[in-house]
Amino acid sequence: MKKLLLVCLVLVSGWIQAQDLNYYLPKNVSYNAAIPTPASVIGHEVGEWHVTHDRLVQYMKAVDAASDRVIMKPLGTTYEGRQQLVLIITSPKNQQNLEQIRQQHVQLTDANASAGLNINDMPAVVWIGHSIHGNESSGANASLLTTYYLAAAQGPAIDELLDKTVILVDPSFNPDGLNRFASWVNMHKSQTLVSDPNAREYNEVWPGGRFNHYWFDLNRDWLPAQHKESQNRLAMFHAWKPNILTDHHEMGSNSSFFFQPGVPSRVNPNTPQRNQDLTAAIGNFHAKFLDSIGSLYFTKEGYDDFYYGKGSTYPDINGAVGILFEQASSRGHAQDTENGLLTFPFTIRNQFTTALSTLEAARNLRKDLLTFQRDFFRDVDKEAAANPVKAMIVGDQFDKTKTQIFLQMLLRHQVDIFQLKKETTENGKTFRPGSAYVIPLQQKQYKIIKTVFEKTFSYKDSLFYDVTAWTMPLAFGLPYAEIKTPAGDLMGDRLTAVPENKPQARMVSNAYAYAFRWDDFNAPKLLFQLQRKGVRAKVATQQFVANLNGKNESFGYGTIMIPVAGQSLSESALAQLLQQSGTEQGVEIFALPTGLSAGGIDLGSASFNNVKQPRIMMFGGTGTSAPDVGEIWHLLDIRMQMPVSIVDVERFGSINADKYNVIIMPSGSYNNLSKAAQDKLKDWISGGGTLVATEDATKWLANNGFTKVLFRSTEEKRDTTLQLPYYLRMDEMRAKEMAGSLFEAKLDLTHPLAYGYREPSVSIFKSNTLFMDQNNNPYDSPVMYTEEPLQSGYLYRGYKNTMKNSAAVNIDAVGRGKVVSMVDNLNFRAFWLGTTRMFMNAIYFGDIIRL
């Protein structure tokens, strides 16, 4: 009872002293009056309101202008145009030699150059990063205090700290999400604070402030790096190669404070033990500082260091130490919790305190951190030399766009990539110059290459905080192979940028028709651009051969054919448009001189079906999964440049659905879709519409009579005599979760959903326990999981038999329309491009499927 009373008093004190900087700042420190306080710039005390991003930037600029310790570096802008920035803070003396310090520091990552470096006086580099989840905003608000303290504090202690460290303060990893959340909580704040957790202030509306503009979790994007925010940040990360990177988060309101190390058994085996030793040593400083202010905390529970796409784990594979902080969230200004009243100022103080403890650790462990960084890359050099695999080769000669995206991702991580010099066959796969690339393992980013390409099957633990595997060439759907002999004779020029893919359309005068294959990632984008210009197109449901200048060209299922006759454009205007558009999108377009084929169907065959221009609606809002909706939105908007109308589930009953010919139903519960709206949706499908559903939405459709899809049971027969220790109860339940693994499925290459694929198998990401039976009609299930589907990752043993030979995609006819049930997420985190084509095929060709 006394402990609880003490905690309550500490929590309440945060509320009482919210207006006073002394509540946060270290005692017995004087401050330079020339440095503006946060309140003097943002217009309120820290913690009084949630700082909006514009005011946060305004303060950083003010400190930059006032202090000779600070230089502000813009990183770029977000999707919504908000500025990303970093403040580089160090002593004035170091600022005078900053570029020299940076270059010397980066040399620690060069195994050949690092031996001669003197680290005795070399500063450690610390990156303090805040609030990658926008609604976990105590971190970003604490950055105001960290910046003020580092710029304004005076005395021998701060002078020594700044002399021995270069500090990169990133005030907001996610500016768009932060601003969205600040607007929400500030607009609902009462003058007389309301602490009831049921109040609107503490319950954001969909999609919430956690995500970026496209509702992605940016704390899963450090490795895929598919978003502007991550790409901007990584450029600065690799420019400086920090020794420590902190990642300030929030968790459930009824918790306390977490700092790493995480669960020891859930550390990725590619992370060296020395990293974990240093993490623990740094943790001692966190404990000391939090003890000094009486804050409760815990460590080595709940969170792990496995997936390298997180901010606290990505540094671990780059010779640094990533630190995760998780603060119990007030989710507003002052919320009642099981531990008493939790105030926003209290959460900010904990975040600020651990920023200071991190810096104190960096000062004390400076040589250890620098030595670890140097040793890390020396050891990497030795590990790479000992690996029997000497290089990876990757590239798709038929889909150069997807290969480009993959290469760009690797270049963002400073991976050395080389042009393939000559044709080679590895593991039965042929790779050709111009479309394939060699990645030697003997380089400093060996660990990145290893985690990108490796498959994993064995684990120390069966519990995971995030995905268990991410073998990226499989995710991208790219051919790749290991090379186990020296690859020097295969390596051409080193890439400094992704090669352009600008094929020239093969134009002839008096063309009869034009055609382009469907196997390039940009083919749907190209087709939509042409359709918007009024071009009519057909799709080949059978194969054909065209004789072009004496050479036969084969065109497979899904080839798009554009007849010259009957177009609204003149022949010359059509030819010019096709040449320009094909070059821009990197898709080769062929001019066909005659309608008579040299094999297969002729161009006037009924096996060419008209392709309708998609008019797409997608369900969103309450009842749907924001990340799933966002992934599809990003795909259509950014990748394909196709408009999609996102409509709240509750509004569907009142809109004119006949405007659309495709409706997408992302994963969700859909409990708020009324009976009248359900009937309306059924009528829309019956009238000829295509409904594309993913994950949980497939189960909802089956349960509500839209489809005949049956799901396999995951229930296990339990031994009723078995007794287990109670503490294992939650672990047993979590071990049955599908955190995320890769599975092989077989394709019917003649089916419209498989148009553009050249191999009869595809790697699908699965993170749910929904297993569909094959539909009764033999043509209804064109994508089936194999007998032994696991390709990489963890699979609970009880699901092995349930998973095999289950359906990945089922199709049901409803009147004249179709329901395409995709039981998994084919657009996962914007990098699972290997299954994106299947999703786009459902949009474009769902209406031509005949059952």
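Bear in mind the structure is a predicted one, so any value in this text is a computation, not a measurement.

Draft legend 1. Broad picture of the overall build of the chain. What the chain contains, in helices and strands, is 23 helices and 35 strands. Rg of the C-alpha trace for the chain: 29 Å, near the compact-globule value of 29 Å for 851 residues, within the 12% margin. The buried share of the chain, taken over its 851 residues, is 61%. Of the contacts made within the chain by residues no fewer than 6 positions apart, 79% connect residues no fewer than 24 positions apart. Just so you have it, the chain exposes about 32,300 Å², and 48% of that area is on carbon and sulfur atoms.

Draft legend 2. Structural view of the pairing of strand S23 (residues 560–563). Side-chain alternation along S23 places Ile560 and Ile562 on one buried face and Met561 and Pro563 on a second face that is also buried. By the bridge criterion, 4 bridges tie strand S19 (residues 513–516) to S23 in an arrangement that is antiparallel. Looking at the pairing, Phe516 lines up with Ile560 of S23.

Draft legend 3. Up close: the sheet that holds strand S21 (residues 544–548). Here 3 strands make up an open sheet; going across it, the order is S22-S21-S25 and the pairing antiparallel. Edge strands, defined here as strands with exactly one partner in the open sheet, are strand S22 (551–555) and strand S25 (599–600).

Draft legend 4. Here's a closer look at the packing of aromatic side chains. For the structure on display, the rule yields 51 aromatic pairs. Consider the rings of Phe406 and Phe453, whose centres lie 5.9 Å apart with planes at 85°: the pair is edge-to-face. Residue Phe406 is found in helix H13 (residues 400–412), and its partner Phe453 is found in helix H14 (residues 446–453); the two are separated by 47 residues along the sequence. Each member of the pair, Phe406 together with Phe453, is buried.

Draft legend 5. Here's a closer look at the sheet that holds strand S9 (residues 321–328). The 7 strands are arranged S2-S3-S6-S4-S7-S9-S8 in an open sheet whose pairing can be described as mixed. In this open sheet, the two strands that pair with only one neighbour each are strand S2 (70–77) and strand S8 (257–259). Each adjacent strand pair in this sheet contributes to an overall mean axis angle of 20°, direction not counted. Relative to strand S3 (residues 83–89), S2 runs antiparallel, the two sharing 7 bridges. By the bridge assignment for S3, Thr77 is matched with Gln83. Its contacts with the sheet place helix H6 (residues 138–152) against S2, S3, strand S4 (124–130), strand S6 (165–170), strand S7 (244–251) and S9, and it is angled at close to 145° to S6.

Draft legend 6. Expanded view of H13. Look at H13: 18 Å from first C-alpha to last across 13 residues, which is about the 18 Å you get at 1.5 Å a residue. For H13, every residue scored as buried is listed here: Thr401, Lys402, Thr403, Ile405, Phe406, Leu407, Met409, Leu410 and Leu411. Phi turns positive one or two residues past the end of H13, at Gln414, with a value near 60°.

Draft legend 7. Up close: the pairing of S7. When you tally the buried positions in S7, you get 8 out of 8 residues, the bulk of the element. Burial of S7 is two-sided: the residues Ile244, Thr246, His248 and Glu250 facing one way and the residues Leu245, Asp247, His249 and Met251 facing the other way are all buried. In terms of strand pairing, S4 meets S7 through 5 bridges, oriented parallel. Bridge pairing in S7 links Val126 to Ile244. Of the strand pairs in this sheet, S7 and S9 are connected by 8 bridges, and their pairing is parallel. Bridged to Met251 within S9 is Ala328.

Draft legend 8. The pattern of salt bridges, seen in detail. Using the criterion set out here, one finds 32 salt bridges in the structure. Between Arg102 and Glu99 there is a salt bridge; the shortest N-O distance is 2.7 Å. One end of the pair is Arg102 and the other is Glu99, both in helix H5 (residues 98–106) and 3 residues apart, which spans about a single turn. Overall, the relative accessible area of 40% leaves Glu99 in the partly exposed class.

Draft legend 9. Here's a closer look at the side chain of Glu426. Structurally, Glu426 can be placed in strand S14 (residues 424–426). Although Glu426 is buried, it forms no salt bridge, and the closest oppositely charged side chain is Lys422 at an N-O distance of 9.0 Å. Within polar-contact distance, the side chain of Glu426 engages the side chain of Thr424 at 2.8 Å. Not counting residues within four places of it along the chain, the set of residues in contact with Glu426 comprises Ile393, Phe431, Ala481, Glu482, Ile483 and Leu490.

Draft legend 10. Representation of the nonpolar core in the model. By size, the foremost hydrophobic cluster in this structure holds 206 residues, and its most contacted members are Leu150, Phe406, Tyr514, Phe516, Ile560 and Ile562. Beyond its immediate sequence surroundings of up to four residues, Ile562 is in contact with Ala513, Tyr514, Phe516, Leu530, Val535, Arg536, Ala537, Gln567, Leu574 and Leu578. By size, the runner-up hydrophobic cluster in this structure holds 24 residues, among which are Val647, Phe652, Ile685 and Leu691.

Draft legend 11. View of unusual backbone geometry. That bond from Trp206 to Pro207 is cis: its omega, 5°, falls within 30 degrees of zero. Inspection of the secondary structure puts Pro207 in the loop between helix H8 (175–187) and helix H9 (228–240). Here the phi dihedral of Lys300 falls at roughly 60°; this positive angle occurs in a residue that is not glycine. Along the chain, Lys300 falls in the loop between helix H10 (273–293) and S9. In this structure Lys300 comes out as partly exposed when scored by relative accessible area, which is 48%. Positive phi, close to 55°, is recorded for Arg331, a residue that is not glycine.

Draft legend 12. Up close: H6. Counted at 1.5 Å a residue, the expected span for H6 with its 15 residues is 21 Å, and the 21 Å between its end C-alpha atoms agrees. Most of H6 is tucked away, with 15 of its 15 residues classed as buried.

Draft legend 13. Geometry of the confidence of the model for the chain. Scored by pLDDT, the chain comes out at a mean of 95, with 97% of its residues at no less than 70. Low pLDDT, under 50, characterises residues 1–17; the predicted model gives this stretch 26 contacts beyond four residues in sequence or across chains.

Draft legend 14. Spatial organisation of the environment of Lys228. Secondary-structure assignment places Lys228 in helix H9. By relative accessible area, Lys228 is classed as partly exposed at 30%. When the C-alpha atoms of Lys228 and Thr78 are compared, they prove to be 6.1 Å apart, with 150 residues separating the residues in sequence. Beyond its immediate chain neighbours, meaning those up to four positions away, Lys228 contacts Thr77, Thr78, Tyr79 and Gln84. At 3.3 Å, the side chain of Lys228 forms a polar contact with the backbone oxygen of Thr78.

Draft legend 15. Representation of the environment of Lys460 in the model. With respect to the helices and strands, Lys460 occurs in the loop between H14 and helix H15 (472–476). Judged by relative accessible area, which is 77%, Lys460 ranks as exposed.

Draft legend 16. Spotlight on the side chain of Ser667. Locating Ser667 in the fold gives a position in the loop between strand S29 (662–665) and helix H19 (675–686). A polar contact is formed between the side chain of Ser667 and the backbone nitrogen of Asp696, at a distance of 3.3 Å. Excluding residues that lie within four positions of it along the chain, Ser667 makes contacts with Thr624, Ser625, Asp628, Thr694, Glu695, Asp696 and Ala697.

About the criteria used
- Residues numbered from 1 in each chain as written.
- Predicted model: local features only at pLDDT ≥ 70, side-chain atom pairs only at ≥ 80, totals over all residues.
- Heavy atoms only, no water.
- Helix = DSSP H or I, 4+ residues; strand = E, 2+ residues; numbered from the N terminus.
- Rg over C-alpha atoms; globule rule 2.2 N^0.38 Å.
- Buried < 20%, exposed > 50% of the residue type's maximum accessible area, 1.4 Å probe, protein only.
- Contact = heavy atoms within 4.5 Å.
- Areas by Shrake-Rupley, 256 points an atom, 1.4 Å probe, with all protein chains shown as cover.
- Pairing = 2+ DSSP bridges.
- Phe/Tyr/Trp six-rings, centres within 6.5 Å; stacked < 30°, edge-to-face > 60°.
- Axes fitted to C-alpha atoms, helices over the stretch in contact; angles between N-to-C directions.
- Expected span 1.5 Å × (residues − 1).
- Salt bridge = Lys/Arg side-chain N within 4 Å of Asp/Glu carboxyl O.
- Lys, Arg positive; Asp, Glu negative; His and termini not counted.
- Polar contact = N/O pair within 3.5 Å; in protein donor to acceptor, adjacent residues only side chain to side chain.
- Core = buried A, V, L, I, M, F, W, Y, C linked by side-chain atoms within 4.5 Å.
- pLDDT = per-residue confidence, 0-100.

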